[in-house]
Amino acid sequence: MPTIFTASRKVIVAFSILVFHLFFLNVSLAQKQQQWSSGEILHAMKKLNVVGSVLYMAAHPDDENTRLLAYMARTRQYRTGYMAMTRGDGGQNLIGNQQGFELGLIRTQELLAARRVDGAEQFFSRAFDFGFSKRTEEALSFWEKEKILSDAVWVIRNFRPDIILTRFPEDSRAGHGHHSGSAVIAREAFIAAADPSRFPEQLKYGVTPWKAKRIMWNTSNFFGNNTTAENQMKLDVGDYLPLLGKSIGEISSESRSQHRSQGFGSAAARGVAIEYFSHTLGDKADKDPMDGIDCSWNRLEGGSAISSMVDKLISSYDVNRPSASVSQLLEIRKALGSIKDEYWKKLKSAEVEKLIRMVMGIHLEAINDKQFVKQGDSLKVNLTINNRSSISATVSNFSIEGMEMSPGATLSNNVNWNQLITLPIAKDRAVSQPYWLANPMNKGSFNVSDQQLIGMAENKPTLQVKVKLKMSGEDMDVLVPVMFRNVDPAIGEFLHPVYVIPSQVTTTPLNPLLVNTNSKVNSGNPSNTGSDIPFMHVISYEHIPTLVYFSKNDQMVVKVDLKTTGKRIGYIVGAGDKVPAAIEMMGYELIELNKNDITADRLKSLDAVVVGVRAYNVNDWMDEKYDVLMEYVRNGGNMVVQYNTNSFAGPLSKLKIGPKPFTVSRGRITEEDCEIKFLDEKDPVLNYPNKITSEDFKGWVQERGIYFADAFSPDYRALFSMHDQNEADQTGSLIVRNEGKGRFIYTGLVFYRELPAGVPGAFRLFANLISNPNLKVNEVK
């Protein structure tokens, strides 16, 4: 991982404890502006009478049970949260070539989009997804267990769940060391959160020990691993919600479909849906996970009066005149001031204030004229407020970054009130770096020095306008994030965060450099290996806000003794990876091939054809190109296929990939430093044009390989054997078959990770794979 740039700055956090609890409401930067329908308003009113909370805990984005989250948040209307230990940094990317923490940035936003659909809130620990792990103890060791346990305790003490639900067991049935590790963390955090002697340093920030009623395991049946049983607690969560016009199955499928980088689009479901639960610790429940927990206002001193007021609000609600409820909502807001429980007082006050804005149809926006603002520059913000009701309201004042104005403007019914704000940005203003990337990270975890940032899904908005509205003599503060509006002809309006960037910044990276110690000619100039000007990384996809982070603009230099053959390599792009750039670093001309390019005439001009990761999964036309690709091989061509998954778009055993059948298994080697056994050291692939030895497998990152070949005939040659700790050898990491005059290779070795990481041995081995044995070694100059 590159060293992350952080401008000279001091993160100033001036939250009071009460405001911090409010911030733990997980306010996210929505991409499209929302106004509730009359039915949604009534649904939210009913939630005012629910005083209960549920926290779900697992390891990654997509681990969460969106159906159960939607049921708890939408049907039962509990405050519902999902705590993922990691941001999914170590997974594969179906939509682009981002890996590592860049992928984590994308998946964070996809999770936030999912939560906006299912109604839950999102939290994270500082754990880094370092890739697939087969052992619980490995995951906990990489994560620095006590560090991540303290994060889980911190979230529990802030969120104060009545119950905790986990997705996975603590043993091998979890199927992943991160999964089982998350269950261990959850169980131990359940105990530690209630113990004032555990992580006592947290108590100075205003939290108190918190004891949840119970922790339960939400068992499941997927990937052929059924952990449900008829003697477990069962709960039908397939309700239809008339006020929302959707069933829980429809909501949950929409939520899960937000995970686009993982290709998890799913069909809507309707009807009965049974969830299963197994007791872990705490008071045992018999019929319902919330057994024995009073989730009404009766649990709080003075709460019965609030309950009666909410009942009256609901019974008198006019769906055709939502604004008629304003006076009752203001009365409830005032009555909440007498509730002694500060946690629920703040939560419910926030709910009431949002309802007031919704019933009045109040629209607030602060739109900046540009998305990126340099330190020391200025910006122009257009503040717009519209009161779409006949209820009288006034803009008493507003403030931003220490600038305050008191217009005292009356908001006329359905008339936009506008105020242009010209705002200077201080030269030492903190840049908009994701908080978990502000410090250099450890191998298995991020380092966050500010306790009050831990657990948060994302940064607070860079800039916010604090607007004070007055209605019926009551003041109400609203924080309006400053956003940048983009209107795309294809997808319409989209709101993006505004970012403060360094006064000097570049968006042009220094190209990686391969220094061939076997040649006088290199692929670049080694004299320029870095710059003091920070490099601004921009990640842009249409389904998430534009993402930005900063790093040092270092040049990766790979020193390797490398021989190559051939000149022109064809590349069939799959889900996206950075292997093409590595091929060009080795001195090849790279030609991207799409469907129409794969013809006999076009292929015969290529020295090798490389198939990108998951190409057979994402390109439905690959099957129809089988014959022309095999003919290319038989006529002397060299074809290299990188990994594809066996559970994507149907089993690959039904697709034709190689000249002879084989299947793609879920076999993988997660220990990047495991021993490699050479099954035939004299095989040409291991000797031409580079002599491959065990030295070439040193320094690999994250893992050795994934989705290995299986059930292949003796016509294929397996070149390597390897295994993870306490497991049997696997031989499907790289298989070769000579076909006619040419050669076919399938490999699950993760070149898409190793080549961008600059692993010298990976370059040497990959050069051998794409070197056509019918050609001479390129002349060494």
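Model, not experiment: these values are computed from the prediction.

Cut-off values and rules
Residues numbered from 1 in each chain as written. Predicted model: local features only at pLDDT ≥ 70, side-chain atom pairs only at ≥ 80, totals over all residues. Heavy atoms only, no water. Helix = DSSP H or I, 4+ residues; strand = E, 2+ residues; numbered from the N terminus. Rg over C-alpha atoms; globule rule 2.2 N^0.38 Å. Buried < 20%, exposed > 50% of the residue type's maximum accessible area, 1.4 Å probe, protein only. Pairing = 2+ DSSP bridges. Contact = heavy atoms within 4.5 Å. Axes fitted to C-alpha atoms, helices over the stretch in contact; angles between N-to-C directions. Salt bridge = Lys/Arg side-chain N within 4 Å of Asp/Glu carboxyl O. Phe/Tyr/Trp six-rings, centres within 6.5 Å; stacked < 30°, edge-to-face > 60°. Lys NZ or Arg CZ within 6 Å of the ring centre and 35° of its normal. pLDDT = per-residue confidence, 0-100. Core = buried A, V, L, I, M, F, W, Y, C linked by side-chain atoms within 4.5 Å. Parallel < 35°, antiparallel > 145°, perpendicular 65-115°, else oblique. Left-handed = near helix turned anticlockwise from the far one by under 90°. Nonpolar A, V, L, I, M, F, W, Y, C, P; charged D, E, K, R; others polar. 1 Å grid on protein atoms, 1.4 Å probe; cavity = no way out; pocket = protein on both sides within 12 Å on 5 of 7 lines; lining within 4 Å. Points joined across faces, edges and corners; volume = space filled by probe spheres on them.

Within the protein, the regular secondary structure consists of 17 helices and 37 strands. In terms of overall dimensions, the protein is globule-like: its C-alpha atoms have a radius of gyration of 29 Å, near the 28 Å expected for 781 residues. Considering only C-alpha atoms, the protein reaches an extent of 85 × 65 × 50 Å along its principal axes. Counting only residues that meet the buried cut, the protein has 57% of its 781 residues in that class.

What follows is about the sheet that holds strand S34 (residues 717-718). Strand order in the open sheet formed by 7 strands is S28-S27-S29-S30-S37-S36-S34, and the pairing between neighbours is mixed. Both edges of this open sheet fall to strand S28 (589-593) and S34, since each of them pairs with a single strand only. For strand S27 (residues 568-572) and S28, the ladder comprises 5 bridges, and the chain directions are parallel. Looking across to S28, one finds that Ile572 is bridged to Leu593. Sheet contacts for helix H15 (residues 626-634): S27, strand S29 (608-611), strand S30 (638-641), strand S36 (734-739) and strand S37 (742-747); angle to S37, the most-contacted strand, approximately 125 degrees.

For the structure shown, the criterion picks out 49 salt bridges. Put simply, Asp715 and Arg737 hold a salt bridge, and the shortest N to O gap is 3.7 Å. Remark: Arg737 occurs in strand S36 and Asp715 occurs in the loop between strand S33 (709-710) and S34; sequence separation between them is 22 residues. By relative accessible area, which is 38% here, Asp715 ends up partly exposed. Relative accessible area serves as the criterion here: at 13%, Arg737 is assigned to the buried category. Overlapping salt bridges, with partners in common, bring together Glu631, Arg634, Asp715, Arg737 and Glu739 in one network.

With respect to the helices and strands, the residue Thr507 is situated in the loop between strand S22 (499-501) and strand S23 (513-516). Expressed as a C-alpha distance, the spacing of Thr507 and Phe535, which sit 28 residues apart in the sequence, is 5.7 Å. Apart from the residues within four sequence positions on either side, Thr507 is in contact with Phe535 and Met536.

This part is about the packing of aromatic side chains. Enumeration over the complete set of coordinates arrives at 22 aromatic pairs. Note on Phe678 and Phe697: the rings are 6.1 Å apart at their centroids and 85 degrees apart in plane angle, and the pair reads as edge-to-face. One end of the pair, Phe678, is in strand S32 (residues 677-678); the other, Phe697, is in the loop between S32 and S33, with 19 residues separating them in the sequence. Take Phe678 and Phe697: they sit in the same class, and that class is buried. Through a chain of ring-to-ring contacts, the aromatic side chains of Phe678, Phe697, Trp700, Phe720, Phe751 and Phe766 assemble into a single cluster. One residue, Arg87, lies across the ring of Phe124, its end atom 4.2 Å from the ring centre. One cation-aromatic arrangement involves Arg87 over Trp436; the distance from NZ or CZ to the ring centre is 3.5 Å.

Considering every residue of the protein, the mean pLDDT works out to 92; 92% of them sit at 70 or more. Every residue in residues 1-28 is under pLDDT 50, and counting partners more than four places away or in other chains gives 63 contacts. In the predicted structure, residues 648-652 sits below a pLDDT of 50 and forms 14 contacts with residues beyond four places in sequence or in another chain.

To continue, consider the nonpolar core. Ile583, Met586, Leu629, Phe720, Tyr746 and Phe766 are the most contacted members of the largest nonpolar core, which has 76 residues in total. The biggest single contributor to this core is helix H17 (residues 760-770), with 7 residues. Filtering out sequence-adjacent residues up to four positions away, Tyr746 remains in contact with Val641, Gln642, Tyr643, Asn644, Phe662, Val664, Tyr707, Phe708, Ala709, Ser733, Leu734 and Ile735. One finds Leu364, Ala366, Leu423 and Leu463 within the second-largest nonpolar core, a separate group that totals 56 residues.

By the alternation rule, side chains of S30 split into Asn638 and Val640 and Met639 and Val641, which are all buried. Sheet topology note: the S29/S30 ladder contains 3 bridges and is parallel. Within S30, the position partnered with Val610 by the bridge is Val640. Across 4 bridges, S30 lies against S37 in parallel orientation. Along S37, the bridge assignment pairs Val640 with Ile745.

Strand order in the open sheet formed by 7 strands is S3-S2-S1-S4-S5-S11-S8, and the pairing between neighbours is mixed. Two strands in the sheet have a free side with no partner beyond their single neighbour: strand S3 (121-124) and strand S8 (233-236). Neighbour to neighbour, the strand axes of the sheet diverge by 30 degrees on average, direction disregarded. Sheet topology places strand S5 (residues 214-219) next to strand S11 (residues 274-282); 6 bridges connect them, and they run antiparallel.

Before going further, it helps to spend a moment on the packing of helix H6 (residues 145-159) against helix H7 (residues 177-192). Between H6 and H7, the shortest axis-to-axis distance is 9 Å and the interhelical angle comes to 55 degrees. As judged from the angle between their axes, H6 and H7 are oblique. Considering only the axes of H6 and H7, their crossing is right-handed. For the pair formed by H6 and H7, the contact residues are Lys145, Ile148, Leu149, Ala152, Val153, Ile156 and Arg157 on the first element and Val184, Ile185, Glu188, Ala189, Phe190 and Ala192 on the second. In the contact of H6 with H7, the residues fall into 10 nonpolar, no polar and 3 charged.

Let's shift gears to the environment of Val467. Summarising the element assignment, Val467 is placed in strand S19 (residues 464-471). In this structure the C-alpha to C-alpha distance between Val467 and Leu94, which are 373 residues apart in sequence, comes to 41 Å. Setting aside residues up to four positions removed in sequence, Val467 forms contacts with Leu364, Leu383, Ile385, Val395, Asn397, Phe398, Met476, Asp477, Val478 and Val480.

What follows deals with empty space enclosed by the protein. Considering all chains together, one arrives at 3 cavities of 30 Å³ or more under this definition. Quantified by volume, the largest cavity comes out at close to 70 Å³. Taken together, Gly91, Gln92, Asn93, Gly96, Asn97, Gln98, Gln99, Ala575, Gly576, Val613, Tyr643 and Tyr752 make up the full set of residues lining the largest cavity. Among the residues forming the lining of the largest cavity, the class breakdown is 4 nonpolar, 8 polar and no charged.

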